[in-house]
Amino acid sequence: YFIFCLGLFLLPSAFFISAILFLIVALINTFKIKNNFLDDRLNIFFLTGGILMIISAIFQTFFYSRLILSNIQLTWIGLANWIPFFWLFWTFKPCLNNPNKRKISALFLLLGTIPVLLSGFGQVFFNWHGPFKTFYNLIIWYQRPIEKVTGLTGLFNNANYAGAWLNVIWPFVLAFVIDRKDKLLENISLYLFVFSISISIILTNSRSAWIGIFIGTFMVFGKKSLKVLRNLIFLILIFISAKIYPIFGEDIQNILGRLIPESISTEFSDFQFSRLEIWNKGIAGIFSQPIFGFGGGSFPEIFRSETGLWKGHIHNLPLELIFSYGIPAGIFIFGPIFLLNFIAIKNILCSKGRRNTSIFDQSWIATLFVLMISQMVDVQYFDGRISIIFWILLAGVKNIIEENKINHVLIKNKP
């Protein structure tokens, strides 16, 4: 468990080392878990989906090569974004099998986010930029000059990735604030985290991250969140006012003046192609090749051939998977994931079960839901840090449901 927590702590800042630690944990737990992999019906669905993806890749390689010749390698490499994680999901569950372990895990994730915040503020306010590389380029902090990116990225490659990570941490820091509300000294440091994370999310200029911070707040606090959201909106208004009037001095006003007009404003005005139009193109392609898909990494090429524009993905993770590997694979993989989210929210957050569930388990469910929502309008999943935390959150929520004795024919373990 210590190795697992160390992996969580290093996940955003030293992904390569973190991945090795998680691999060690997975190998150890593979031999320690008493239940067979197939004893959990959820694993059966994931395994079936993985087999269907492999069949799709074989079909695309040998029978559909004219359309995806340049993407055959990406098709096989793309399997690594999914199939290994089905195994990790199973082996991570013992590390998250009680509320205290999930609370400690949340703490290590929060502490591991300190480099993200420091690198992000350094990038925006002090012009720290890299990339910074070490360990034979296996650890890279991108730290790009702010004028060359859309917003705060910190050590991530993309502002949307940074925003997704901060959205993951947000419900956890709120949970710690609630849990430690009577301890003033600890709350000072926690409120500093709240302030830093909320400002960093604003500075990413990621619309999905902006939406995520409101959804996460509401899910953690419920109706009580209206007061928190009011304070958060007030904070945002202060931030914007500081750009218009020198309430914090002309230096801060000049910094914000350089940031906001070129970045935040373009998030609402500079649209090459709307999300709906991108999704429409993706869905049309899916119905033209519904069983086996077009192959991994094929959407940008097909989209550019039809529109003349380049888009790296469909901006929707389930559609991306289905476009690449077909509808059957998508159903077997995302069907259980959607159902797990639905059951956790319906039977815990939106029922009497909420009162019997720790605030950290509530935040765990909220975090998974926020991350899922962000994957419906963008795709940060293909950053290894986001995909690993996605399956860790899923394993934690699966344990929460089992502990609350909420059974369903799909997720219930075999006797």
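Fair warning: this is a prediction, and the values are worked out from it, not measured in the lab. (Residues numbered from 1 in each chain as written. Predicted model: local features only at pLDDT ≥ 70, side-chain atom pairs only at ≥ 80, totals over all residues. Heavy atoms only, no water.)

Some remarks on the overall build of the chain
- The number of helices and strands found in the chain is 20 helices and two strands.
- In the chain, which comprises 415 residues, the share counted as buried stands at 52%.
- Residue pairs at least 24 apart in sequence account for 73% of intrachain contacts in the chain once pairs closer than 6 positions are excluded.
- Here the chain has roughly 19,500 Å² of accessible surface; of this, 67% comes from carbon and sulfur atoms. (Helix = DSSP H or I, 4+ residues; strand = E, 2+ residues; numbered from the N terminus. Buried < 20%, exposed > 50% of the residue type's maximum accessible area, 1.4 Å probe, protein only. Contact = heavy atoms within 4.5 Å. Areas by Shrake-Rupley, 256 points an atom, 1.4 Å probe, with all protein chains shown as cover.)

Describing a nonpolar patch on the surface
- Taken together, the side chains of F2, I3, L6, F9, I20, I24, I28, L107, L111, I114 and L118 define a hydrophobic patch exposed on the protein surface, amounting to about 870 Å² of accessible area.
- For the nonpolar patch, the element with the most residues is helix α1 (residues 2-10), which contributes four residues.
- Its location among the elements puts I24 in helix α2 (residues 15-32). (Patch = residues over 30% accessible without salt bridge, like charges linked within 9 Å, V, L, I, M, F, W, Y side chains within 5 Å. Salt bridge = Lys/Arg side-chain N within 4 Å of Asp/Glu carboxyl O.)

Observations regarding the packing of helix α19 (residues 359-377) against helix α20 (residues 384-403)
- Between α19 and α20, the shortest axis-to-axis distance is 9 Å and the interhelical angle comes to 135°. Classified by the angle between their axes, α19 and α20 sit oblique to one another. Remark: the crossing between α19 and α20 carries left-handed chirality. Of α20, the residues touching α19 (which contributes D361, W364, I365, T367, L368, L371 and M372) are I386, I389, F390, I392, L393, L394, G396, V397 and I400.
- Looking at the contact of α19 with α20 residue by residue, the classes come out as 13 nonpolar, two polar and one charged. (Axes fitted to C-alpha atoms, helices over the stretch in contact; angles between N-to-C directions. Parallel < 35°, antiparallel > 145°, perpendicular 65-115°, else oblique. Left-handed = near helix turned anticlockwise from the far one by under 90°. Nonpolar A, V, L, I, M, F, W, Y, C, P; charged D, E, K, R; others polar.)

Topic: the confidence of the model for the chain
- On average, the chain scores 83 in pLDDT, and the residues at 70 or more come to 82%.
- Of all helices and strands in the chain, the one with the weakest mean pLDDT is helix α14 (residues 266-269) (42), whereas α1 scores best (97).
- Every residue in residues 261-272 scores below 50 in pLDDT, and together they form 17 contacts with partners more than four places removed in sequence or on other chains. (pLDDT = per-residue confidence, 0-100.)

Focus on the nonpolar core
- Among the nonpolar cores identified, the biggest contains 87 residues, and W82, I197, I389, W391 and I392 are the most heavily contacted of them.
- It is helix α9 (residues 159-179) that contributes the most residues to this core, 14 residues altogether. (Core = buried A, V, L, I, M, F, W, Y, C linked by side-chain atoms within 4.5 Å.)

Looking at the pattern of salt bridges
- Applying the stated rule across the entire model yields eight salt bridges.
- With a closest N to O distance of 3.4 Å, E402 and K93 form a salt bridge. Of the two residues, E402 sits in helix α20 while K93 sits in the loop between α6 (83-92) and α7 (99-112), which places them 309 residues apart along the sequence.
- Take E402: its relative accessible area is 31%, and that puts it in the partly exposed class.
- Among the salt bridges present, the one from K103 reaches D179, with a minimum N-O distance of 3.3 Å. A residue pair is termed long-range when its members are at least 10 positions apart, and K103 in helix α7 and D179 in helix α9 qualify at 76 residues.
- We classify K103 as partly exposed; its relative accessible area is 23%.
- Look at D179 and you get partly exposed, because its relative accessible area is 34%.
- Residues joined in a network through salt bridges with shared partners are D40, K93, K398 and E402.

Points about the packing of aromatic side chains
- All chains considered together, the criterion is met by 27 aromatic pairs.
- In this structure an aromatic cluster arises from ring pairing among F46, W82, F85, F86, F89, F334, F338, Y381, F382, F390 and W391.
- Note that K101 overlies the ring of Y1, its terminal NZ or CZ placed 5.6 Å from the centroid.
- Over the aromatic face of F156 sits the side chain of R385, whose NZ or CZ is 4.1 Å from the ring centroid. (Phe/Tyr/Trp six-rings, centres within 6.5 Å; stacked < 30°, edge-to-face > 60°. Lys NZ or Arg CZ within 6 Å of the ring centre and 35° of its normal.)

Focus on the packing of helix α15 (residues 275-288) against helix α16 (residues 299-307)
- Running from N to C, α15 and α16 cross one another at 105°; their axes reach a closest spacing of 11 Å. The angle between α15 and α16 falls in the class roughly perpendicular. Counted together, I278, K281 and G282 of α15 and F299, F303, E306 and T307 of α16 form the full contact between these two elements.
- For the contact of α15 with α16, the class distribution of residues is three nonpolar, two polar and two charged.

Focus: α2
- For α2, built from 18 residues, the straight-helix expectation of 26 Å at 1.5 Å per residue is met to within 8% by its first-to-last C-alpha distance of 25 Å.
- Within α2, the full set of buried residues consists of S18, L21, F22, V25, A26 and N29. Down the axis of α2, the smallest arc covering the buried residues is 140°, so these residues share one side.
- Buried residues along α2 sit against α1, α6 and α20. (Expected span 1.5 Å × (residues − 1). Arc of directions from axis to C-beta.)

Let's talk about α6
- With respect to burial, α6 is a largely interior element, seven of its ten residues being buried.
- Buried within α6 we find F85, F86, L88, F89, W90, T91 and F92.
- Against the buried residues of α6 lie α1, α2, α3 (41-63), α18 (327-349) and α20.

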